[in-house]
Amino acid sequence: MSKSPSSTREPRDTPTNATPAQGGCPFGHQSADSVAGDAAGNAAGNAAGNAAGNEKASQNASADATEWHDAQLDFSKSMSYGDYLSLDPILNAQHPRSTDHNEMLFIIQHQTSELWMKLALYELQAARTAVHNDELPPAFKMLARVSRILEQLVQAWSVLATMTPSEYSSMRPSLGSSSGFQSYQYRILEFMLGNKNAAMLKPHSHRPDLFQQVETALHAPSFYDEVVRLLARRGFAIAPERLERDWTQPTPHDETVEAAWLEVYRNPSQHWELYEMAEELVDLEDAFRQWRFRHVTTVERIIGFKQGTGGTNGAPYLRKMLDVVLFPELWHVRTLL
């Protein structure tokens, strides 16, 4: 026989023999005295709990003053981030010569560009040594890094472009005859990429230490010259006069070099490392051209066609530089494929 639904119900929680307290409500309602007593008890309990909580919070705050996620916070006896990066001299190297607010932007724009150029030269010099030693994979990585550095330099022009013509005119007198084309690092970079010009030594003649560095770059084979030597070592018939030319002259177009690249592009699987080198060089020059273009565009936007502070004719001079080709055979060979 099945049980009725009522027989299967769970028993209530109310004790079976419970009787109402004297003076209490049989339905469980508390008396006024009981409510008052409970309130007093709760208040006392809350006060004690709050006091304990406040004490714990104070202890935690004291601990947080000396600890933060187990990080080291005391650097009185060890090297800090700022120590490692020598931030004090870097962040105190900005010395505006005018009272114009915008001069700080102009200074930091060019200082950071010089830092990126320092890294680009560091990578290019190491890549040239790697190519000389037939260690191409590390050279590819370094060349790719230089291309990314140039992308950073391209984007930096967007920040300087926030300076209006009237703002630049207010601070321009403080520049004197200083000009970006006097940058010795930029000149070494141009020389390393093959755009040689002995006349560009003269702006550094007042600094024998810098003059020597630029002169050394002028007389050394460019990065592309080292790559042309690599083509010869890989069995391509490169003209002897191209392999031992006057390194102080700009990169010439050479038919034997172009013929070598044509073979590489027609049979990339047989010359994969050279094929990859060719494309890394094209990436590099592509990025360099974009940097030059953004430079001249920013100059035209800010000063129009005024003469440059260094004595050049400004934007027209920079536009002429857009026509300079660093690796001529790699661009012309595309027409022949």
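Caption draft 1: Structural detail: the side chain of Ser174. Following the sequence through the fold, Ser174 ends up in the loop between helix 6 (165–171) and helix 7 (184–192). Within the local environment of Ser174, its side chain forms a polar contact with the side chain of Glu103, the two groups lying 3.4 Å apart. Ignoring anything within four residues of it in the chain, the contact list for Ser174 reads Arg97, Ser98 and Glu103.

Caption draft 2: A look at helix 12 (residues 272–303). Compared with an ideal rise of 1.5 Å per residue, which puts 32 residues at 46 Å, helix 12 spans 47 Å between its outermost C-alpha atoms and is within 8% of the ideal. Once helix 12 finishes, Gly304 follows within two positions and takes phi at roughly 65°, a positive value.

Caption draft 3: Quick peek at the packing of helix 11 (residues 255–266) against helix 14 (residues 328–336). Taken N-terminus to C-terminus, the directions of helix 11 and helix 14 make an angle of 60°; their axes are 9 Å apart at the nearest point. What the angle tells us is that helix 11 and helix 14 run oblique. Like other packed secondary-structure pairs, helix 11 and helix 14 cross with a definite hand, here right-handed. Touching Val257, Glu258, Trp261, Leu262, Tyr265 and Arg266 of helix 11 are Glu329, Leu330, His332, Val333, Arg334 and Leu336, all from helix 14. Considered class by class, the residues forming the contact of helix 11 with helix 14 number 7 nonpolar, 1 polar and 4 charged.

Caption draft 4: Region of the structure containing the packing of aromatic side chains. Scanning the model with the defined rule gives 8 aromatic pairs in all. For the ring pair Phe106 and Tyr168, a centre distance of 5.9 Å and an interplane angle of 40° mean the geometry is tilted. With Phe106 in helix 4 (residues 103–132) and Tyr168 in helix 6, the pair connects residues that are 62 residues apart, well separated along the chain. Each member of the pair, Phe106 together with Tyr168, is buried. On the basis of an interplanar angle of 75° and a centroid distance of 5.5 Å, the ring pair of Tyr265 and Tyr275 is categorised as edge-to-face. In this pair, Tyr265 sits in helix 11 while Tyr275 sits in helix 12, placing the two residues 10 residues apart along the sequence. For Tyr275, a relative accessible area of 24% translates into the label partly exposed. Put simply, the rings of Trp157, Tyr186, Phe288 and Trp291 pair up and form one aromatic cluster. Positioned over the ring face of Trp331 is Arg289, at 4.1 Å from the centre of the ring. Over the face of the ring belonging to Trp331 we find Arg334, whose NZ or CZ atom lies 5.9 Å from the ring centre.

Caption draft 5: Spatial organisation of the confidence of the model for the chain. For the chain, the average pLDDT comes to 86, and 78% of its residues sit at 70 or higher. Counted against residues more than four places away or in other chains, residues 1–23, with its pLDDT under 50, gives 3 contacts.

Caption draft 6: Seen up close, helix 8 (residues 208–219). Taking 1.5 Å per residue as the helical rise, helix 8 with its 12 residues ought to reach 16 Å, and the 16 Å between its terminal C-alpha atoms agrees with that figure. Buried within helix 8 we find Leu210, Val214, Ala217 and Leu218. The buried residues of helix 8 occupy an angular sector of 105° when the element is viewed end-on, so they sit on one face. Turned more than 90 degrees from where helix 8 packs its buried face, Pro208 and Gln212 sit exposed. Each element contacted by the buried residues of helix 8 is listed here: helix 7.

The rules behind each value
- Residues numbered from 1 in each chain as written.
- Predicted model: local features only at pLDDT ≥ 70, side-chain atom pairs only at ≥ 80, totals over all residues.
- Heavy atoms only, no water.
- Helix = DSSP H or I, 4+ residues; strand = E, 2+ residues; numbered from the N terminus.
- Polar contact = N/O pair within 3.5 Å; in protein donor to acceptor, adjacent residues only side chain to side chain.
- Contact = heavy atoms within 4.5 Å.
- Expected span 1.5 Å × (residues − 1).
- Axes fitted to C-alpha atoms, helices over the stretch in contact; angles between N-to-C directions.
- Parallel < 35°, antiparallel > 145°, perpendicular 65-115°, else oblique.
- Left-handed = near helix turned anticlockwise from the far one by under 90°.
- Nonpolar A, V, L, I, M, F, W, Y, C, P; charged D, E, K, R; others polar.
- Phe/Tyr/Trp six-rings, centres within 6.5 Å; stacked < 30°, edge-to-face > 60°.
- Buried < 20%, exposed > 50% of the residue type's maximum accessible area, 1.4 Å probe, protein only.
- Lys NZ or Arg CZ within 6 Å of the ring centre and 35° of its normal.
- pLDDT = per-residue confidence, 0-100.
- Arc of directions from axis to C-beta.

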